[in-house]
Amino acid sequence: MSAEGLDWTSSALAPYADLTHANPDAAAYDEVVGADGVRPAQQVISAAVEGLGLSGLLAARAEARRLVIEDGVHYGGTLHPRRWTLDPIPVVIDSQDWARLEAGLTQRLVVLNALLADLYGEQRLLHSGVLPAELVLGHEGFLHQAHGIEVFGNHHLSLVGTDLARGADGNWVALSDRTAAPSGAGYAMVNRRITSRVMADLHRATRLRRLRSFFTAVRNSLLAAAPPGTEHPRGALLWSGSASETAYEQGFLATLLGYSLVEADDLTISDATLWIRDGERRSRVDVLLRRVDSAFCDPLEWRSDSQLGVAGMLEASRQGRLTIANRLGSGVLENAGLNAYLPAISRALLGEDLQLACAPTWWCGDPVQRSHVLAHLDQLVVKPIHRQRQVPSRPGWMLSAAERDDLVRRIEANPAAWVGQDPVLASTTPLVTGTGLVPRRMLLRTFGAASGDGYTMMPGGLARVAGETDPWQISSGTGAASKDVWVLDSEESVPHTLTLPTPQERTLWVEGSDPKPPPPRVADNLFWYGRYGERVDSTARLLAQALDLSEDYGNRAGSTGHQVLQLVRDAVSTLTALPPDVEGPAASSRQLLRRAATDPQLVGSLAHDIRGLVRAAHEVPDILSSGVWPLLSRLEHAMDTPGDDLELDEITGATMGLAGFNTESMVRDPGWGFIDAGVRVERATNALWLLAEVFDTDVPMSVEDQAGEAVMAICESLITHHRRTSAGVAPQRPLHSAMALLVLDPSNPRSVSFQVRQLAADLVLVQDEQLAGQAEALLTTLGSHSGTLLTEGRSQIVAVLRELERDIRGLSQQITRQHFTRPAPRVFRQTSWLTPATPRLRP
């Protein structure tokens, strides 16, 4: 089948526009169509695309976007989130092509691991002159304080990412490596999960290499690197929090590995050992997978202003009591200048030529190489050797005369800081757009996990495609779209099987039946996740009742219903600080209530509480069920819906779903205890506050009766109230009936009594017997007020309600002081003996 015969390629794959000025005659390799038509491995994709047509492709793209939004997949952190972009058409690599690439990648990672071991060990390559000392010692990623630290299992690089492009000749070329804290493996798994749903028929019909076993290999690699003699190694993933640009992926990766997400505030060093603060106790960490740059990990050794690391972490590693993956200082291998010497390094360390080609590179620190770069500046991509400086690569042919002169001056002023690299005309892959398929340049990031003496490669990886305007900037940070990568499984390959737990892991599961409380930061966010979830639910029900009353009685001033509306609206005003203004027409009342729902600047508004809920969830993604993210997405979407109609039923449906996940999908451990404690505190205080607000005004009995029904509806107890009233077992006065059902009834899951009893049980679960005893005492106090609540007048009852609310809020504050107190920001001052002025070669 020829390219010209494919209707779906009419606007995309024939003919290609040349996207480079470096070599106008070059023709890019296309992943799908070759000179003889559709490539054999791409026939399955070609047939699927033809069957879908443009309308089907656009529907697939829309479905992928919907699933990305539902699952909350984003890049950029919670401060500046950007939705992850996934194209529905996967990149397909046949088994033979992958086998060659896998072998070359495995060798490359073995070379890099040996290189890192040498640089922080004997430094033979520097002494022999294979590597210029200035290239290594002048790089900001080389941390001389980490020199001489032993790495167990020789896994200096436990997880590595490599960026590749397929050149015009169809061969893969390595562009750079990510060795400090490589990101993207989690996003690759996310892409597979979504693509397998969007292209379900195609996915089922295609024999693919699966990704899950790779993460098992990562976990096994980390366990194997644990300090010797560790009976039950415990791992954790160090992140910088939800504001990190790859926060979503870090949480997802922690979930895949079964690791806890930890921040510096959760950790402490004692006796050269890293511990997680578990309430008043501690849990030892043996293996730390870090997603924080080395220089920020130990403020005592490097960045004294860092709040992301723990003082003494390097010493714990040096003492052999902590394995850090990747080892501190591994970022030196991200030095762009190393590509110029990697072939010689491979021969020196392994006695082998590289199987996978590097992009031809010239380091300007060498006079001969610098002359080549300056003479061919208009044909090279010029980049700094320091990736963290945020200086972009600069295609020489795209520079103006002034920019070119400036770059030459900068190179001549500090030549060792720059390299020139031959541009690689990356292959193209079809991208779905509104008008059809278009070819876009593609980069592939692959991932390897240390395994024995070699590496286990993820089959495929993360594909990213260039934007419309700049084919030379392909980065998730600049908004590049991504693709799933399918590696076809050969007929001869052995199917991957489930890895059974080791005896050590089975023992861990048994001993894990008595888990410790989470660190204060985690406990705090879990508690507020529970509180905000309940707060969103109760506020939505309050607003729904106010809207119903406004519709029925907004234009009937003086009626009983209008007086009830005023009571409920006053409660809304107190909650959000909005003016009451119930005398206006129903339309203006709806607008005011809509603002109480959708204005995130109003403390107490629905939108404000949803933000708080989502923010708390993003701080503990490794703990929550994956099912909560679509529900949180629904809540956010409900606040973005234009028009006057509020989707309050959608909101309460989502909050009930969240409650279901909390109740039915979480183990009853201390973490769950803090979530449920938050729910109970919020539901109890909200019920007491609402009852006091509504019944604080002296109104006729008919208004009190209807107001009581409104409160019962808000608190999800109206049906029970009607049944008991009909059976004659409820108090006659509406006020007393509300007290009986919503405050005192221990069988009503919405009553204050029920919440306090459950709160006491939660506090036992989080191993706080003292506060659990105070909750039990509060339950006794509540019972002692039953006579007043069931017989006395309005003012006495409201006084009791407010007293009970203060007591529960006071107990909540004690929970905060006892369990959520975090250490103050740390300040360290380095002295000259800690940081020598210049790094030196090992003698």
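Relevant structure appears above.
Note that the coordinates shown come from a computational prediction; the quantities given were computed from them, not determined experimentally.

*Asks:* Honestly, the overall build of the chain in this entry has me stumped. Any pointers?
*Replies:* A tally of regular secondary structure across the chain gives 28 helices and 24 strands. Scored against the burial criterion, the 843 residues of the chain give a buried share of 56%. Residue pairs at least 24 apart in sequence account for 73% of intrachain contacts in the chain once pairs closer than 6 positions are excluded. Surface exposure of the chain reaches about 34,600 Å², of which carbon and sulfur atoms provide 51%.

*Asks:* Sorry if this is basic, but what is going on with the pairing of strand S11 (residues 273-278) here?
*Replies:* Two faces, one strand: in a regular strand the side chains alternate between the faces of the sheet. Most of S11 is tucked away, with five of its six residues classed as buried. Alignment of strand S10 (residues 267-270) against S11, held across four bridges, turns out to be antiparallel. For Ile269, the partnering residue across the bridge sits in S11 and is Leu274. Across five bridges, the pairing between S11 and strand S12 (residues 281-285) is antiparallel. Across the sheet, the residue bridging to Leu274 is Val285, located in S12.

*Asks:* Before we go on, may I ask you to explain the sheet that holds S12 in this structure?
*Replies:* Across a sheet, strands are paired by hydrogen bonds formed along the backbone, either parallel or antiparallel in direction. Pairing in this open sheet of three strands is antiparallel, and the strands run S10-S11-S12 from one edge to the other. With one partner strand each, in any of the chains shown, S10 and S12 form the two edges of the open sheet. Strand-to-strand, the axes of this sheet are offset by a mean angle of 40°, without reference to chain direction.

*Asks:* Quick question: what am I supposed to make of the pattern of salt bridges here?
*Replies:* Close approach of charged atoms allows side chains with opposite charge to pair. Counted under the stated rule, the structure contains 39 salt bridges. Linking Asp286 and Arg284 is a salt bridge whose minimum nitrogen-to-oxygen distance equals 2.9 Å. Judged by relative accessible area, which is 3%, Asp286 ranks as buried. The exposure class of Arg284 is partly exposed, given its relative accessible area of 34%. Counted as one network, the salt bridges with shared partners bring together Glu534, Asp537, Arg541, Arg683, Glu716 and Arg750.

*Asks:* Whenever I open this one, the environment of Asn154 confuses me. Can you help?
*Replies:* Mapped onto the fold, Asn154 is located in the loop between helix H4 (133-137) and strand S6 (159-166). Separated by 41 residues in sequence, Asn154 and Asn113 have C-alpha atoms that sit 8.2 Å apart. Every residue in contact with Asn154, bar those within four places of it in the chain, is listed here: Asn113 and Ala117.

*Asks:* Just to check I follow, could you spell out the environment of Leu543 for this structure?
*Replies:* By the element assignment, Leu543 lies in helix H15 (residues 520-553). Taking relative accessible area as the criterion, Leu543 reaches 2% and is therefore assigned buried. Considered as a pair, Leu543 and Ala571 are 28 residues apart in the sequence and their alpha carbons are 9.8 Å apart. Residues in contact with Leu543, not counting those within four places in the same chain, are Val572, Leu593, Ala596, Ala597, Leu606 and Leu648.

*Asks:* Is there a simple way to think about the side chain of Asp676 in this case?
*Replies:* Here Asp676 shows up in helix H21 (residues 670-695). Non-local contacts of Asp676, meaning those with residues more than four positions away in its chain, are made with Gln758 and Asp762.

*Asks:* I tried to follow unusual backbone geometry on my own but got confused; where do I start?
*Replies:* Among all residues save glycine, negative phi is the norm, and among peptide bonds the norm is trans. Omega for the peptide link from Ala325 to Asn326 comes to -10°, which places this bond in the cis form. Structurally, Asn326 can be placed in the loop between strand S14 (323-325) and helix H11 (342-350). A positive phi angle is found at Asn154, which is not glycine, with a value near 60°. A positive phi angle, near 60°, is found at Glu716, a position not held by glycine. Relative to the elements of secondary structure, Glu716 occurs in the loop between helix H22 (701-714) and helix H23 (718-727).

*Asks:* Hey, could you run me through the packing of aromatic side chains in this one?
*Replies:* Tallied over the full model, the rule gives 12 aromatic pairs. With centroids separated by 4.0 Å and ring planes inclined at 5°, the aromatic side chains of Trp84 and Tyr187 adopt a geometry described as stacked. Placement of Trp84 in the loop between strand S4 (82-83) and strand S5 (86-93) and of Tyr187 in helix H5 (residues 185-198) is noted, with a sequence separation of 103 residues between them. Residue Trp84 is classed as buried on the basis of its relative accessible area, which comes to 6%.

*Asks:* Would you take a moment to explain the sheet that holds strand S16 (residues 361-363) for this structure?
*Replies:* Spatially, S16-S19-S17-S18 is the arrangement adopted by the four strands of the open sheet, whose pairing is antiparallel. Looking at strand neighbours, the two that pair on one side only are S16 and strand S18 (394-395), the edges of this open sheet. Examined bridge by bridge, strand S17 (residues 381-384) and S18 share two bridges and lie antiparallel to one another. Each residue of the ladder has a partner; that of Val382, found in S18, is Arg394. Together, S16 and strand S19 (418-421) form the strand contacts of helix H12 (residues 367-375), whose direction differs from that of S16 by roughly 120°.

*Asks:* Would you explain the environment of Pro746 in this entry?
*Replies:* Here Pro746 is to be found in the loop between helix H24 (734-744) and helix H25 (752-765). Measuring from C-alpha to C-alpha, the distance between Pro746 and Val756 comes to 9.5 Å, with 10 residues separating the pair along the chain. In this structure, Pro746 is in contact with Ser751, Ser753 and Phe754, ignoring residues within four places of it in sequence.

*Asks:* It is not clear to me how the packing of H21 against H22 should be interpreted in this structure. Could you clarify?
*Replies:* In helix packing, the relevant descriptors are the interaxial angle and the interaxial distance, both defined with respect to the helix axes. Between H21 and H22, the shortest axis-to-axis distance is 11 Å and the interhelical angle comes to 160°. The angle between the axes of H21 and H22 places the two elements in the roughly antiparallel class. In this structure, the crossing between H21 and H22 has a hand that is right-handed. Each of Leu690, Leu691, Val694 and Phe695 in H21 lies in contact with H22, whose residues at this interface are Glu704, Ala707, Gly708, Val711 and Ile714.

*Asks:* Explanation requested: the pairing of strand S13 (residues 287-290) in the structure shown.
*Replies:* Here S13 shows a buried face lined by Val287 and Leu289 and a second buried face lined by Leu288 and Arg290. Here strand S8 (residues 235-238) pairs with S13 via four bridges, running parallel. The partner of Ala236 across the bridge, within S13, is Leu288. Pairing between S13 and S14: three bridges, direction parallel. Along S14, the bridge assignment pairs Val287 with Thr323.

*Asks:* I keep staring at the nonpolar core and nothing clicks. Help me out?
*Replies:* Proteins that are soluble and globular tend to have nonpolar side chains buried together. Judged by nonpolar contacts, the single largest core of 98 residues is most densely connected at Leu606 and Met739. Residues in contact with Met739, not counting those within four places in the same chain, are Leu691, Phe695, Leu744, Leu789, Ile797 and Leu801. The next biggest cluster of nonpolar side chains, apart from the first, holds 73 residues, and it includes Ala264, Val310, Ile345 and Met457.

Rules used throughout
Numbering of residues starts from 1 in each chain and follows the order in which that chain's sequence is written. This being a predicted model, a pLDDT of at least 70 is required before a residue's local features are given, and a value of 80 or more before pairs of side-chain atoms are given or counted; all residues contribute to the totals for chains, interfaces and linings. Computation of side-chain values covers all heavy atoms of the structure but excludes hydrogens and water. Note on conventions: DSSP H or I runs of at least 4 residues are helices, E runs of at least 2 residues are strands, and numbering of each starts at the N terminus. For each residue, the accessible area found with a 1.4 Å probe, counting protein chains only, is set against the maximum for its type, and the residue is called buried under 20%, exposed over 50%, and partly exposed in between. Residues count as neighbours in contact if any of their non-hydrogen atoms are within 4.5 Å of one another. All accessible areas in this document rest on Shrake-Rupley with a 1.4 Å probe, and a residue is counted as covered only by the protein chains that are shown. Here a strand pair is declared whenever DSSP counts at least two bridges between the two strands. Think of each axis as a best-fit line through the C-alpha atoms, taken over the contacting stretch in the case of a helix, with angles from 0 to 180 degrees between the N-to-C directions. Salt bridges, as used here, are contacts in which a Lys or Arg side-chain nitrogen is within 4 Å of a carboxyl oxygen on Asp or Glu. Stacked, tilted and edge-to-face are the three classes applied to pairs of Phe, Tyr and Trp rings, where Trp contributes its six-membered ring and a pair requires centres within 6.5 Å; stacked means planes under 30 degrees apart, edge-to-face means over 60, and tilted covers the rest. By the definition adopted for this analysis, an angle is roughly parallel if under 35 degrees, roughly antiparallel if over 145, roughly perpendicular if from 65 to 115, and oblique otherwise. For any pair of crossing helices, the crossing counts as left-handed if the nearer helix is rotated counterclockwise from the farther one by less than a right angle, and right-handed if it is rotated clockwise. Among buried residues, the Ala, Val, Leu, Ile, Met, Phe, Trp, Tyr and Cys ones that are joined through side-chain atoms within 4.5 Å form a nonpolar core.

Just distances and angles here, no functional claims.
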